[in-house]
Amino acid sequence: MVNINNKIGGAVMAVALSTSMMVMAKENKNFNYVADRFADIEVLRYEVPGFNDLSLNQKKLIYYLTEAALMGRDILWDQNNKYNLELRQLLENIYTSYSGDKNGKEFKAFEKYLKQIWFGNGIHHHYSMDKFVPEFSESFLRSAIKSLPASKRPANADLMIKVVFDPEFVAKRVNQAEGADLIVTSANNLYDGVTQSEVENYYNAMKDSTDLTPVSYGLNSRVVKENGKVVEQTYKVGGLYSNAISKIIENLSEAVKYAENDKQRNVINKLIEYYTTGNLKAFDDYSIMWVEDTDSKVDFINGFIESYGDPLGMTGAWESIVNFKNDEASHRTEVISENAQWFEDNSPVDSRFKKDKVKGVSAKVITAAILAGDAYPATPIGINLPNANWIRAAHGSKSVTIENITEAYDEASHGNGFNEEFVIDKPTAKLLDDYLFITDNLHTDLHECLGHGSGKMLPGVDPDALKAHGSTLEEARADLFALYYLADPKLVELGLLDNKDAYKAEYYKYLLNGLMTQLMRIEPGKDVEEAHMRNRKLISEWVFEKGKPDNVVEYVVRNGKTYIQINDYEKLRGLFGRLLSEIQRIKSEGDYEAGRDLVEKYAVKVDPKLHNEVLERYSHLSIAPYRGFVNPVYVPVKDANGNITDVKITYGEGYADQMLRYSRDYSPLTK
Ligand code: ZN
């Protein structure tokens with residue numbers, strides 16, 4: 001599971017920085033954080049501090065793991081929609097060979113569209129899941145296609161034009177609308193030619209409720225109908241995505257030569273076995289070996305991992321993150337982990353749903369070296385894996401906070417005008433200035449280290465019982481655990497905070513975001529769809545409503561502008577605890593109806609008046625609603641015999657240059 005950046009409003013354009021700050025940033029950091037800005041997106045760069053201090057073997061290991069990471073890019077594109085790769089190739093061919101006016105309105109709009117598609121890993125917005133709307137004309141695209149050399153003209157130009165211009169065609173990547181056939185109405189490529197009930201029947205026939213160690217059904221396959229029969233096409237060597245998977249394996253096989261120890265060597269070899277066979281049992285074995293390797297400095301994720309892109313929450317989107325431990329910053333998460341049992345025992349959850357023994361919650365702060373697949377360009381700031389419930393219960397989970405990413409967000413956010421516009425008063429703004437960075441990081445640590453790993457299912461409860469609402473409720477559970485404990489004196493006692501009121505910074509920002517400012521990401525008239533946004537809205541709206549009798553939280557209108565005011569922080573904490581207890585019950589018992597009711601009532605519908613106001617106020621700030629990253633470039637230095645003697649890292653690559661290079665050098669499925 002992932003924790004994506006919830007510092008909405010933290011985004012900033014270079015132009016929003018004051019001149020003095022830009023100079024300061026240059027002098028102090030000598031680092032240019034902003035790589036590009038278009039549509040609702042800002043693309044940043046991140047530094048990889050500590051890379052040059054690694055040993056040569058560790059650098060080689062990281063180098064080959066980053067190559068393995070980049071080789072999977074096309075898999076995700078194809079998973080997202082079956083036309084993505086063909087369209088990307090067409091648009092890039094036009095972009096690189098265009099001989100007309102590159103400053104003309106049509107070409108600029110075309111370029112913006114291509115940049116959006118690169119960012120979404122396909123034709124749909126990475127967050128809203130809606131298809132991008134082109135601002136250039138159909139005739140522009142038709143004549144650009146005609147100008148291509150014959151060898152680069154697509155065989156089915158009309159279909160490509162339909163993909164771009166027909167708003168009804170493959171309109172939404174993941175549809176979560178209650179009552180619809182979620183498979184038929186979703187445009188992802190995880191299923192083809194099958195209905196939701198056919199898929200559900202197919203998997204139900206496979207599931208055995210007495211199996212205490214079930215594989216993650218459907219994690220690595222596409223479900224289609226062949227000769228009237230529902231079948232899985234497995235992602236593996238010789239199966240679906242074979243060419244890309246073979247390239248991944250090739251680089252993993254190089255990486256394994258530089259493994260730091262036997263445990264890590266076994267992890268990589270097991271992953272190769274899984275990719276070769278497609279056997280989900282091998283993936284479980286790999287996950288267990290991976291979670292138990294806590295000594296290696298270098299670590300990585302590479303596989304079909306998160307299932308947010310599947311409306312049924314089964315198939316994993318391909319992703320990879322290569323990273324190494326930040327030893328100094330990891331002290332914070334180690335303290336939290338060492339006290340995991342205390343947190344579990346003292347939570348407001350019913351004792352029937354608590355773990356008697358919280359096992360192996362390992363936590364560390366890491367430095368990302370590369371982001372790929374579903375983690376690129378938009379990326380999580382915290383990760384907790386593996387996702388299989390029984391493995392988490394029996395072997396624990398590995399939890400990380402990606403601090404060079406949160407630092408880049410923070411550095412790029414200073415002085416963007418957000419607090420002045422939306423925070424109710426100066427004392428509250430000062431509270432945020434003083435304590436938001438640390439409490440936000442702690443919130444992520446608690447969410448990932450403890451939140452997802454806490455609690456237990458009652459025996460026999462289907463882990464997929466909450467169906468389409470499972471992701472939202474799971475994120476809410478982890479967030480509530482973190483919110484509840486942020487205010488606990490235990491954090492001061494453990495030396496993690498130096499002020500018992502520090503938590504108020506995160507509480508204020510959380511409600512401001514959940515009730516108001518995250519609406520800037522939603523188009524007028526649309527519902528909230530994405531699981532993390534739904535989770536924040538659910539929590540915020542619920543505590544607002546339940547706190548009404550005591551006026552815990554209120555909306556205050558000043559000069560026609562709406563603000564959030566928190567009147568009683570202690571009672572607010574109590575409400576977080578109550579909701580945590582209820583959502584844990586829902587998860588432990590698999591109470592689908594209660595979960596659905598919470599989501600439908602609190603997490604989806606938007607107040608149009610408040611929504612318009614938020615959009616209007618944001619429009620004056622030129623803050624990008626979404627941010628992502630370009631990767632650094634790793635270049636091996638070789639001696640006369642071709643041996644790698646060092647790996648150099650550079651940061652200067654532009655966004656479009658990086659995308660075009662990846663399409664050229666790491667595109668095993670389009671050649
Ligand atoms: Zn999470």
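About the criteria used
- Residues numbered from 1 in each chain as written.
- Predicted model: local features only at pLDDT ≥ 70, side-chain atom pairs only at ≥ 80, totals over all residues.
- Heavy atoms only, no water.
- Salt bridge = Lys/Arg side-chain N within 4 Å of Asp/Glu carboxyl O.
- Helix = DSSP H or I, 4+ residues; strand = E, 2+ residues; numbered from the N terminus.
- Buried < 20%, exposed > 50% of the residue type's maximum accessible area, 1.4 Å probe, protein only.
- Expected span 1.5 Å × (residues − 1).
- Axes fitted to C-alpha atoms, helices over the stretch in contact; angles between N-to-C directions.
- Parallel < 35°, antiparallel > 145°, perpendicular 65-115°, else oblique.
- Left-handed = near helix turned anticlockwise from the far one by under 90°.
- Contact = heavy atoms within 4.5 Å.
- Nonpolar A, V, L, I, M, F, W, Y, C, P; charged D, E, K, R; others polar.
- Core = buried A, V, L, I, M, F, W, Y, C linked by side-chain atoms within 4.5 Å.
- Pairing = 2+ DSSP bridges.
- Phe/Tyr/Trp six-rings, centres within 6.5 Å; stacked < 30°, edge-to-face > 60°.
- Polar contact = N/O pair within 3.5 Å; in protein donor to acceptor, adjacent residues only side chain to side chain.

Visitor: What should I look at first to understand the pattern of salt bridges in this one?
Guide: Pairing of side chains with opposite charge becomes possible as their charged atoms draw close. Per the stated rule, a full pass over the model turns up 54 salt bridges. Salt-bridge contacts for Asp 488 lead to Arg 573; the nearest nitrogen and oxygen are separated by 2.9 Å. Placement of the pair is Asp 488 in the loop between helix H18 (470-486) and helix H19 (489-493) and Arg 573 in helix H22 (residues 569-589), with a sequence separation of 85 residues. By the burial criterion, Asp 488 is buried, and Arg 573 matches it. Put simply, Glu 523 and Lys 526 hold a salt bridge, and the shortest N to O gap is 3.4 Å.

Visitor: I'm lost on helix H5 (residues 105-120) in this one. Help?
Guide: What sets the pattern is the α-helix's 3.6 residues per turn: residues three or four places apart point alike. Its 16 residues give H5 an end-to-end C-alpha distance of 23 Å, which sits within 8% of 22 Å, the value for a rise of 1.5 Å per residue. Within H5, twelve of the 16 residues are buried, which leaves it mostly tucked inside the rest of the structure. Looking only at H5, the buried set comprises Phe 107, Ala 109, Phe 110, Glu 111, Tyr 113, Leu 114, Lys 115, Gln 116, Ile 117, Trp 118, Phe 119 and Gly 120. Positive backbone phi, at 50 degrees, marks Asn 121, one or two positions downstream of H5.

Visitor: Even after reading the chapter, I still don't get unusual backbone geometry, so can you show me in this structure?
Guide: With the exception of glycine, the majority of residues adopt a negative phi angle, and the majority of peptide bonds are in the trans configuration. Omega for the bond connecting Tyr 376 with Pro 377 falls within 30 degrees of zero, at -5 degrees, which places this linkage in the cis form. Structurally, Pro 377 is set in the loop between strand E9 (361-373) and strand E10 (380-385). Along the chain, Leu 385 connects to Pro 386 via a cis peptide bond; the corresponding omega equals 0 degrees. Among the structural elements, Pro 386 can be located in the loop between E10 and helix H14 (389-395). The phi angle at Met 129 is positive, at roughly 70 degrees, despite the residue not being glycine. Examined against the element boundaries, Met 129 turns out to sit in the loop between H5 and helix H6 (138-147).

Visitor: Can you help me understand the packing of H18 against helix H21 (residues 531-546) in this one?
Guide: Two numbers describe a pair of packed helices, the interaxial angle and the distance between the axes. Look at H18 against H21: their axes get within 8 Å of each other, and the N-to-C directions meet at 55 degrees. In terms of their interaxial angle, H18 and H21 are classed as oblique. Viewed along their axes, H18 and H21 form a crossing whose handedness is right-handed. Residues Ser 471, Thr 472, Leu 473, Glu 475, Ala 476, Asp 479, Leu 480 and Leu 483 of H18 lie in contact with H21, whose contacting residues are Ala 531, His 532, Arg 534, Asn 535, Arg 536, Leu 538 and Ile 539. The residue inventory of the contact of H18 with H21, partitioned by class, reads seven nonpolar, four polar and four charged.

Visitor: Explain the packing of helix H4 (residues 84-97) against H6 to me, please; I cannot follow it from the model alone.
Guide: One way to put it is that H4 packs onto H6 with a least axis distance of 10 Å and a crossing angle of 75 degrees. Relative to H6, the element H4 is oriented roughly perpendicular. Contact residues: H4 offers Leu 90, Leu 91 and Ile 94, while H6 offers Leu 141, Ala 144 and Ile 145. Grouping the constituent residues of the contact of H4 with H6 by class yields six nonpolar, no polar and no charged.

Visitor: Which parts of the structure should I look at to understand the nonpolar core?
Guide: Nonpolar side chains in soluble globular proteins tend to be buried together. By size, the foremost hydrophobic cluster in this structure holds 209 residues, and its most contacted members are Leu 87 and Leu 252. Excluding its chain neighbours within four sequence positions, the residues that come into contact with Leu 87 are Tyr 113, Ile 117, Ile 123, Met 160, Val 163 and Val 164.

Visitor: Which parts of the structure should I look at to understand the sheet that holds strand E5 (residues 221-226)?
Guide: Read across the sheet, three strands follow the order E4-E5-E6 without closing on themselves; strand pairing throughout is mixed. Edge positions in the sheet fall to strand E4 (191-192) and strand E6 (229-234), since each has one partner strand and no second. Here E4 pairs with E5 via two bridges, running parallel. Within E5, the residue paired with Asp 192 across the bridge is Val 224. Taken strand by strand, helix H8 (residues 196-206) contacts E4, E5 and E6, and its axis lies near 75 degrees from that of E6.

Visitor: What exactly am I supposed to notice about the packing of aromatic side chains here?
Guide: For any two aromatic rings, the description comes down to two numbers: the centre-to-centre distance and the angle of the planes. Scanning all chains against the criterion turns up 42 aromatic pairs. Note on Tyr 95 and Trp 118: the rings are 5.9 Å apart at their centroids and 90 degrees apart in plane angle, and the pair reads as edge-to-face. With Tyr 95 in helix H4 and Trp 118 in helix H5, this residue pair connects regions lying 23 residues apart in the sequence. Centroid distance Trp 118 to Tyr 655: 6.0 Å. Interplanar angle 85 degrees. Geometry classified as edge-to-face.

Visitor: How do you make sense of the side chain of Thr 562 when you look at a structure like this?
Guide: Considering the arrangement of structural elements, one finds Thr 562 in strand E13 (residues 561-566). Residue classification places Thr 562 among the buried positions, given a relative accessible area of 9%. Among the polar contacts made by the side chain of Thr 562, one reaches the side chain of Glu 613 at a distance of 2.7 Å. Excluding residues that lie within four positions of it along the chain, Thr 562 makes contacts with Met 516, Tyr 555, Val 556, Val 557, Leu 610, Glu 613 and Arg 617.

Visitor: Even after reading the chapter, I still don't get helix H23 (residues 592-603), so can you show me in this structure?
Guide: In this model H23 runs 15 Å from its N-terminal to its C-terminal C-alpha over twelve residues, within 8% of the 16 Å that 1.5 Å per residue would give. For H23, the set of buried residues is Tyr 592, Ala 594, Gly 595, Leu 598, Val 599, Tyr 602 and Ala 603.

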